[in-house]
Amino acid sequence: MPKPVIFTIDDDVSVLNSVERDLRAQYGQDYRILPIDSGKAALDYLKRLQQRNETVALFLVDQRMPEMSGVEFLEEAIRAYPQAKRVLLTAYADTQAAIDSINEVGLDYYLMKPWHPPEERLYPILNELLEDWKIRVRLPYEGIRVAGALWSLSSHQVKDFLTRHQIPYQWLDIEKDSGARQRVEAVSPEKTRLPVVFFPDGKTLIQPDLKELAEKVGLQTRAALPFYDIVVVGSGPAGLASAVYAGSEGYRCLVIERSAPGGQAGSSPKIENYLGFPTGISGDDLTRRAVSQAKRFGVEILSAQEAKQVFVKDAYRIVRLSDETEVSCQALLVATGASFHTLKMPGAAELTGAGIYYGAAYTEAMNYKDKDVFVVGGANSAAQGAIYLSQFARKVRVLIRGHQPTASKYLVDALEQNPKIELLCDTDLVEVNGKNTLEGVTVRNTATDTTQSFDASAMFVFIGVRPQSKLLADLVKRSDKGYIYTGADLIVDKQPPQGWTLERDPFLLETSVPGIFAAGDVRFGTNHRVASAVGEGAIAFALMKEYLKTL
Ligand SMILES: Cc1cc2nc3c(=O)[nH]c(=O)nc-3n(C[C@H](O)[C@H](O)[C@H](O)COP(=O)(O)OP(=O)(O)OC[C@H]3O[C@@H](n4cnc5c(N)ncnc54)[C@H](O)[C@@H]3O)c2cc1C
């Protein structure tokens, strides 16, 4: 952690040198002494210190400077560093200005020039002020800081991305924290491009896209090779399981992930029905373990890279990525899972990320401490979300279309026993309200045909999922809903799918294109569970191995 700064400002260079010498002798070991010969230059320097998240302990400023008086400087400087102690260096003639500034800028002391001997006239005063500063100061957080607003979708996406990668960060809400607001204004004066991400090395990113952010935090976004034995699209449980087996058996394997590893399972606060974890395991813990296991076996995992399209050229399966680069492989696994349906009602799209969240209870729960929130949906994911949110929120109302929740029994029991959770069954969402952020919702009880409005600070939506199979839309056979057909589901009247050229039938998890496999929630007929996805990922690897032997 860098030393706190003592700033000394004087336009008279001989005085400045003399103050600097005295300060360095007494405080140089514990503080960084920064002498500057003009108020304007000092203000510029302060901005840099802010970006690097350094602390200022004390300003020792000459009152009489040509461009800007000491008091004028302090007025500006304390907005950035309100906790710093303020001392004015004055000549006798400036005493009145110093006295006036006691209230104006909360001056802690004014020192008459000359201050010699410092042991008597300088150090005792500064010692006392610095001791007081040390007791009161909140030392800055040293890691990544994300300054944004709750109404900003990009702020939510950046936080979610960092959370899902288990990268620690500090969230600064510019609506509540004036220091954070100023830091943002210093680099993004119009404040419309949020969030601003401050890094410990002093660099900032303004409303970064996820790839830019991924690169800055040191994640891999580009494939090291042009060609792999096996490429896996999607790093949920199915993709990661397959990659672990592929890597462990020495295959060159690349995983492509458009966001962060873990998939839907990664957003689960607690998975309680996965074999071997009797007290449950959080999705991020499971993901962290799986990612390190895969990397240990030499698997490359790209983050923030979407696979946009897949095509076939001779024996190669080629994936085009969102940055228009391509990677090719011999066997391809599509493990792109599913994502939640979004709300279609007016206003919902505008409030996404500004109070309405899709499955993001984990990232945002802390922001709704002691607030009333809603959960939409009655299946396992919604139930888990509600239980997790109840640790923070004052009240969690769960909107369920049907007569009762469809979640597993252990979750329904937990919902019913939780005093903070209210289940609103037979209930439809009718309206969402709010200008910049969600403020309220209106619901209709379909059994009694009555409507009711509630205040709501946030709504977490977990309704139905749809498969993410667009990247193969024109290539493989899919169901009406977009689930990918594999194996026996492709055989109709004992005939393989149209265009199938091999003598054998498709393998169990092989799609209608030889060498392209599908596993997990994107596959037709799967049962939407972590264990099933992991199992299918493992089987898919075994089948890809079989396939590679035939080439
Ligand atoms: C909140 C929540 C809680 C749950 N709790 C449980 C539980 O307790 N027990 C249980 O058994 N199941 C649970 N489930 C269900 C379980 O998580 C899923 O069945 C499982 O994650 C499916 O795994 P998957 O690998 O097939 O797909 P997913 O987990 O959906 O992963 C797919 C991955 O592919 C990525 N992707 C998609 N398209 C592309 C593309 N074009 N390019 C690159 N990457 C792409 C996605 O970003 C995602 O990371 C829960 C689900 C949710 C949402």
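Preceding block: the structure.
Residues numbered from 1 in each chain as written. Predicted model: local features only at pLDDT ≥ 70, side-chain atom pairs only at ≥ 80, totals over all residues. Heavy atoms only, no water.

(A) Region of interest: the overall build of the protein. Across its full length, the protein holds 16 helices and 26 strands. Counting only C-alpha atoms, the protein reaches 105 × 60 × 40 Å along its principal axes. Looking at the 551 residues of the protein, the share that counts as buried comes to 54%. Across the protein, every contact between residues at least 6 apart in sequence was considered, and the portion connecting residues at least 24 apart equals 64%. Distance between charge centres in the protein, computed from 62 positive and 69 negative side chains, equals 4 Å. (Helix = DSSP H or I, 4+ residues; strand = E, 2+ residues; numbered from the N terminus. Buried < 20%, exposed > 50% of the residue type's maximum accessible area, 1.4 Å probe, protein only. Contact = heavy atoms within 4.5 Å. Lys, Arg positive; Asp, Glu negative; His and termini not counted. Charge placed at Lys NZ, Arg CZ, Asp CG, Glu CD.)

(B) Region of the structure containing the nonpolar core. Within the largest apolar cluster, 41 residues are counted, with the highest numbers of intra-cluster contacts made by Val375, Val396 and Phe460. For this core, the leading source of residues is helix α14 (residues 380-389), giving 5 residues. Apart from the residues lying within four places of it in its own chain, the contact partners of valine 375 are Ala382, Ala386, Leu389, Val396, Arg397, Val398, Leu399, Phe460 and Phe462. Within the second largest apolar cluster, 28 residues are counted, among which are Val232, Leu333, Ala540 and Tyr547. (Core = buried A, V, L, I, M, F, W, Y, C linked by side-chain atoms within 4.5 Å.)

(C) Spotlight on the packing of helix α2 (residues 39-51) against helix α3 (residues 70-80). Interhelical geometry of α2 versus α3 gives an angle of 0° and a closest axis separation of 10 Å. Classified by the interaxial angle, the pair formed by α2 and α3 is roughly parallel. On the side of α2, the interface is formed by Gly39, Ala42, Leu43, Leu46 and Gln50, while α3 contributes Phe73, Glu76, Ala77 and Ala80. Considering only residue class, the contact of α2 with α3 consists of 6 nonpolar, 2 polar and 1 charged. (Axes fitted to C-alpha atoms, helices over the stretch in contact; angles between N-to-C directions. Parallel < 35°, antiparallel > 145°, perpendicular 65-115°, else oblique. Nonpolar A, V, L, I, M, F, W, Y, C, P; charged D, E, K, R; others polar.)

(D) View of empty space enclosed by the protein. In this structure the tally under the stated criterion is 1 cavity of 30 Å³ or more. Approximately 40 Å³ is the volume found for the largest cavity. What lines the largest cavity is Thr163, Arg164, Gln166, Pro261, Gly266, Asp284, Thr287 and Tyr362. For the lining of the largest cavity, the secondary structure elements donating two or more residues are α7 (153-164) and α12 (283-296). Of the residues assigned to the lining of the largest cavity, the class counts are 2 nonpolar, 4 polar and 2 charged. (1 Å grid on protein atoms, 1.4 Å probe; cavity = no way out; pocket = protein on both sides within 12 Å on 5 of 7 lines; lining within 4 Å. Points joined across faces, edges and corners; volume = space filled by probe spheres on them.)

(E) Spotlight on the site of the ligand. Taken together, 33 residues form the shell around the ligand, and within it Glu257, Gln264, Asn273, Gln384 and Asp521 come nearest. Measuring from an oxygen atom of the ligand, one finds a backbone N or O atom of valine 530 at 2.8 Å. Secondary structure elements with two or more residues in the shell around the ligand: α10 (237-248), α11 (263-266), β16 (338-340), α14 and α16 (530-549). When the residues that make up the shell around the ligand are grouped by side-chain class, the tally is 13 nonpolar, 15 polar and 5 charged. (Near = heavy atom within 4 Å. Polar contact = N/O pair within 3.5 Å; in protein donor to acceptor, adjacent residues only side chain to side chain.)

(F) Examining the pattern of salt bridges more closely. On inspection of all chains with the given rule, the structure shows 32 salt bridges. The partner of aspartate 201 in a salt bridge is lysine 216, with the nearest N and O atoms 2.8 Å apart. Of the two residues, aspartate 201 sits in the loop between β8 (196-198) and β9 (204-206) while lysine 216 sits in helix α9 (residues 210-216), which places them 15 residues apart along the sequence. Salt bridges linked by common partners bring Lys211, Glu215, Arg222 and Asp323 together as one network. (Salt bridge = Lys/Arg side-chain N within 4 Å of Asp/Glu carboxyl O.)

(G) Quick peek at unusual backbone geometry. Going from histidine 116 to proline 117, the amide bond is cis rather than trans, its omega being -5°. Inspection of the secondary structure assignment puts proline 117 in the loop between β5 (109-112) and α5 (118-121). Of note, glutamine 166 is a non-glycine position whose phi angle comes to about 55°, a positive value. Relative to the elements of secondary structure, glutamine 166 occurs in the loop between α7 and β7 (169-173).

(H) Region of interest: α3. Restricting attention to buried positions, one finds in α3 the residues Gly70, Val71, Phe73, Leu74, Ala77, Ile78 and Ala80. An end-on view of α3 places all buried positions within 160° of arc, on one side of the element. Structurally, α3 contributes buried residues whose contacts are with β1 (5-9), α2, β3 (56-62), β4 (85-90), α4 (95-104) and α8 (178-187). (Arc of directions from axis to C-beta.)

(I) Expanded view of a positive patch on the surface. Among the surface-exposed residues, Arg258, Lys344, Arg466 and Lys470 lie close enough to one another that they form a single positively charged patch. Along the polypeptide, arginine 258 turns up in the loop between β11 (253-256) and α11. Judged by its relative accessible area of 41%, arginine 258 falls in the partly exposed class. (Patch = residues over 30% accessible without salt bridge, like charges linked within 9 Å, V, L, I, M, F, W, Y side chains within 5 Å. Areas by Shrake-Rupley, 256 points an atom, 1.4 Å probe, with all protein chains shown as cover.)

(J) The sheet that holds strand β24 (residues 458-461), seen in detail. The 5 strands are arranged β17-β24-β18-β19-β20 in an open sheet whose pairing can be described as parallel. Each of the sheet's edge strands pairs with one partner strand only, and the pair in question is β17 (356-358) and β20 (421-424). Averaged over all pairs of adjacent strands, the angle between strand axes in this sheet comes to 20°, irrespective of strand direction. Alignment of β17 against β24, held across 3 bridges, turns out to be parallel. Pairing of tyrosine 357 across the sheet is with phenylalanine 460, part of β24. Contacting β18 (372-376), β19 (395-399), β20 and β24, α14 crosses the sheet at an angle of about 165° to β18. (Pairing = 2+ DSSP bridges.)

(K) Quick peek at the packing of aromatic side chains. Here the structure, examined in full by the defined rule, presents 17 aromatic pairs. Within the aromatic cluster, the residues linked to one another by ring pairs are Phe7, Tyr45, Phe59 and Phe73. Taking the ring centre of tryptophan 171 as reference, the NZ or CZ of lysine 159 above it sits at 3.9 Å. (Phe/Tyr/Trp six-rings, centres within 6.5 Å; stacked < 30°, edge-to-face > 60°. Lys NZ or Arg CZ within 6 Å of the ring centre and 35° of its normal.)

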